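# Remarks on the overall topology
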Amino acid sequence: MGTPHSAQFSQIDSIDLVLRTAREKFLVRPEKETRLWVKNSQGSFERLCNTRVTVLDAALKSGQLVVMESRSKDGTWPSAQPQAGNKASKEDEDFQGQPGICGLTNLGNTCFMNSALQCLSNVPQLTEYFLKNRYLEELNFCNPLGMKGEIAEAYADLVKQAWSGNHHSIVPQVFKTKVGHFASQFLGYQQHDSQELLSFLLDGLHEDLNRIKKKEYVELCDAAGRPDHEVAQEAWQNHKRRNDSVIVDTFHGLFKSTLVCPDCGNVSVTFDPFCYLSVPLPVSHKRVMEVFFVSMDPRRKPEQHRLVVPKKGKISDLCVALAKHTGVSPERMMVADVFSHRFYKIYQLEESLSGILDRDDIFIYEVSGRSAICENSKEDVVLPIYLRERTPARDYNNSYYGLMLFGHPLLVSVPRDRLSWDSLYHILLYRLSRYVTRPSMDDEDDGNEKGEEEDGHIPKPGHVAAGSSQNLGPEQAGPSSGVPGGRRAPVNNSPGPSHWPPRARRKHLFTLQTVNSNGTSDRSNFNEDTHAQPYIAIDWEPEMKKRYYNEVEAEGYVKHDCVGYVLKKAPVRLRECIELFTNKETLEKENPWFCPSCKQQQLATKKLDLWKLPETLIIHLKRFSYSRFSREKLDTLVEFPLRDLDFSEFVKAQNESASEVYKYDLIAVSNHYGGLRDGHYTTFACNKDSGQWHYFDDSTVLPVNENQIESKAAYVLFYQRQDVARRAQPQPDSSDPPAPPACGQPPNSEFMDVN
């Protein structure tokens, strides 16, 4: 701290005068940035942020100590330098690199923030605004919609450090803390969306730097038949009466919004400002789904199929698509979601496919039915079958046995007139014959005698219930043998457990139990509806399962030729996305429009057109799609030009004398790699001084070729208008070397391959 000086001020003098006086006394150079601190009664220092207030308003007292702080050449403030960062600061003391080529440390899932900051930092006119301290005169500390200038100051500190050329990388901890303080959704260290942070940051900078200190009330007016240019000019002037900042100057444009009432034909035309374009991607109406087909023929292993179905289709469409591969009629298929060895859901044909996620395990079972030829004929019943194994409970005396689900469940057709436990046992034994070994006659006799000792009402082999089958041929084993039948019976017409004959507690290889849909409880313990769908569990003793059940064969499946099919996603052009954005659409039911003519809420048609384009245009590609049942990321390749992006055909307010106001060059790209649950953000950006493209991956910065910039990861695009870029370029003197090309490829450098 230097030698103290004394000065006298009136209470009506401004803090700015105090600062200027301090600069004169300490002989501070004009380009040097300074700020004031005041020592309070507790001995700590407080910032004098607003230099436009008076000494009286700042509550300064006679004899109070005021300290002036100067920004270091590396862009940092000495008071903000953490103790832990002193070592890193000394290491960077002698470093001199290209300004702007500076990484940002990942603080823990903050790559989204780093990506947005690097993009914004490489907008030339905004960065120059902060580097030349023009923001100091426009800080708005009194804006109730702002953040007391703190976001603008924190961002300015980052820009000055990054463009000082004295850092390999910097730690944006102060900025992260400020963002979390004013936007609670960004508190902590969870992953977020770079576009959402960018939207917050642009709004925060705008309000902190708003030149309008007191916003007046402005009434929005409809066109009411007036010429578009007149209404547009009025709308823009009204917008500027409340919003006037460097953000408005750089990023704000104007939409033309046209609403047409479907009943009375009333047309409403309004002009609305925008800060960025969120354009949709052309979405395929097809969807690829992977399913497993389980045939009624027990000799056939389950088949994995990859099916192309309508994205907004029904379960019946899935069955129709599978029928083309298998030759099995869609009427003889049942679709189920299998999770944790049980049926999570059994679908009806009319249900929507949107309820099925890509990660769900979908099984399609072939079932059988009997056509109602006459009034006395009875249809088949489809029974859900679970597999369970008795396991010793972790009890001190091992007196209780638990039941654990295993394997894949089945849907088995059984004739209604043969609903007996003994008959069902043989039907299931035949259905499992691919991976369950049939016991010898001696084994069956031994097992039956043991079971008869426990339960005297179980019939011996040879005296099974009527309609059952001892010989496991397909003619006697029932419909589950694979013999084709008619349409299946509705599962909710089957009789409940109270209509079933007494069940066998132990018989042959396994026993059968009625259970609930979770497969964990005996249904007989519940007072359930007798017409509810019965679930059957096949219970195995561990020794019998080990002896007769082949787990490797049971888990086996084959892949159909269609599994190798890949739904090719053709690349789309950025122009197609913009065309989709400007297409006419009908409002959704959740968002109707009140027609002033009809005096009713209407599902009007809406069309957005571009009227006025900003100096820097931000285009957000809507890669993340959310619906009621599904969330997905669209990894479609969007082809976007690096130069000469022409908007002349999309802008309604044409200016033929200045065609270059519609042409843009790319200056930055925010990339997102990965899916919805996890991912990583990086940045491609063109340095405004060198014209060289660099790849920013948190603290790592490397030069890249132009042909590497376009990728499926491109998420947010930054374009600069060509006339602005030409104005920003300094006019070289005849003796000066030629200026670098605007965002061109450097002739000699080592490049990183990021593909």
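Before reading further, recall that the structure is shown in the block above.
A few points on the structure. (Residues numbered from 1 in each chain as written. Predicted model: local features only at pLDDT ≥ 70, side-chain atom pairs only at ≥ 80, totals over all residues. Heavy atoms only, no water.)

### Notes on the side chain of Arg388
Selection rule: Working definition: helices are DSSP H or I runs of at least four residues, strands are E runs of at least two. Numbering for both runs from the N terminus. The cut-offs for exposure are 20% and 50% of the maximum accessible area for each residue type, with area from a 1.4 Å probe on protein chains only; residues under the lower value are buried, those over the upper are exposed, and the others partly exposed. In protein, a polar contact means a hydrogen-donor-capable atom and an acceptor-capable atom, both N or O and within 3.5 Å, with residues adjacent in sequence counting only if both atoms are side-chain atoms; elsewhere, any N or O pair within 3.5 Å suffices.
On the secondary structure map, Arg388 appears in strand β14 (residues 380–392). Overall, the relative accessible area of 4% leaves Arg388 in the buried class. Of the polar contacts made by the side chain of Arg388, one reaches the side chain of Asp539; its length is 2.7 Å.

### Comments concerning the environment of Asp222
Quick note on the threshold: In what follows, residue pairs with any heavy atoms lying within 4.5 Å of each other are defined as contacts.
By the secondary structure assignment, Asp222 is in the loop between α7 (194–208) and α8 (228–242). Considering only alpha carbons, one finds Asp222 and Ser268, 46 residues apart in sequence, at a separation of 6.7 Å. Among all residues touching Asp222, those that are not within four sequence positions of it are Ser268, Val269 and Thr270.

### Quick word on the nonpolar core
Rule in force here: Residues belong to a common nonpolar core when they are buried Ala, Val, Leu, Ile, Met, Phe, Trp, Tyr or Cys residues joined through side-chain atoms within 4.5 Å.
Of all hydrophobic cores here, the largest spans 54 residues; its most connected members are Leu120, Phe130, Tyr155 and Phe718. Ranked by residues supplied to this core, first place goes to helix α5 (residues 150–162) with eight residues. Beyond its immediate sequence surroundings of up to four residues, Leu120 is in contact with Leu126, Thr127, Tyr155, Leu198, Leu201, Leu202, Leu205, Phe251 and Phe718. Judged by nonpolar contacts, the second largest core, of 43 residues, contains Tyr365, Val381, Tyr386 and Ala537.

### Focus on helix α6 (residues 173–182)
Put simply, the rule is: Arc definition: directions from the helix axis to the C-beta atoms.
Those residues of α6 not exposed but buried are Phe175, Lys176, Val179 and Gly180. Projected down its long axis, α6 shows its buried positions confined to an angular sector of 135°, all on one face. Structurally, α6 contributes buried residues whose contacts are with α3 (111–121), α5 and α7.

### Digging into the sheet that holds strand β10 (residues 303–310)
Sheet strands pair by backbone hydrogen bonding; their relative direction is either parallel or antiparallel. Filter applied, for reference: Here, any two strands with at least 2 DSSP bridges between them count as paired.
Taken in spatial order, the six strands make up an open sheet running β12-β11-β13-β9-β10-β19, and their pairing is mixed. Both edges of this open sheet fall to β12 (342–346) and β19 (558–559), since each of them pairs with a single strand only. The pairing of β10 with β19 spans two bridges and is classified as parallel. If you follow Glu303 over to β19, its bridge partner there is Val558.

### Some words on the pattern of salt bridges
Put simply, the test is: The salt bridge criterion pairs a side-chain nitrogen of Lys or Arg with a carboxyl oxygen of Asp or Glu, the two atoms within 4 Å.
According to the stated counting rule, one finds 37 salt bridges in the structure shown. Salt-bridge contacts for Arg29 lead to Glu31; the nearest nitrogen and oxygen are separated by 2.8 Å. With respect to burial, Arg29 and Glu31 carry one shared label: exposed. The salt bridge partner of Glu216 is Arg241, with a shortest N-O separation of 2.7 Å. With Glu216 in the loop between α7 and α8 and Arg241 in helix α8, the pair connects residues that are 25 residues apart, well separated along the chain. Given a relative accessible area of 37%, Glu216 falls into the partly exposed group. Through salt bridges with shared partners, a single ionic network connects Glu138, Arg211, Lys240, Asp244 and Asp249.

Geometric values such as these leave the question of function open.
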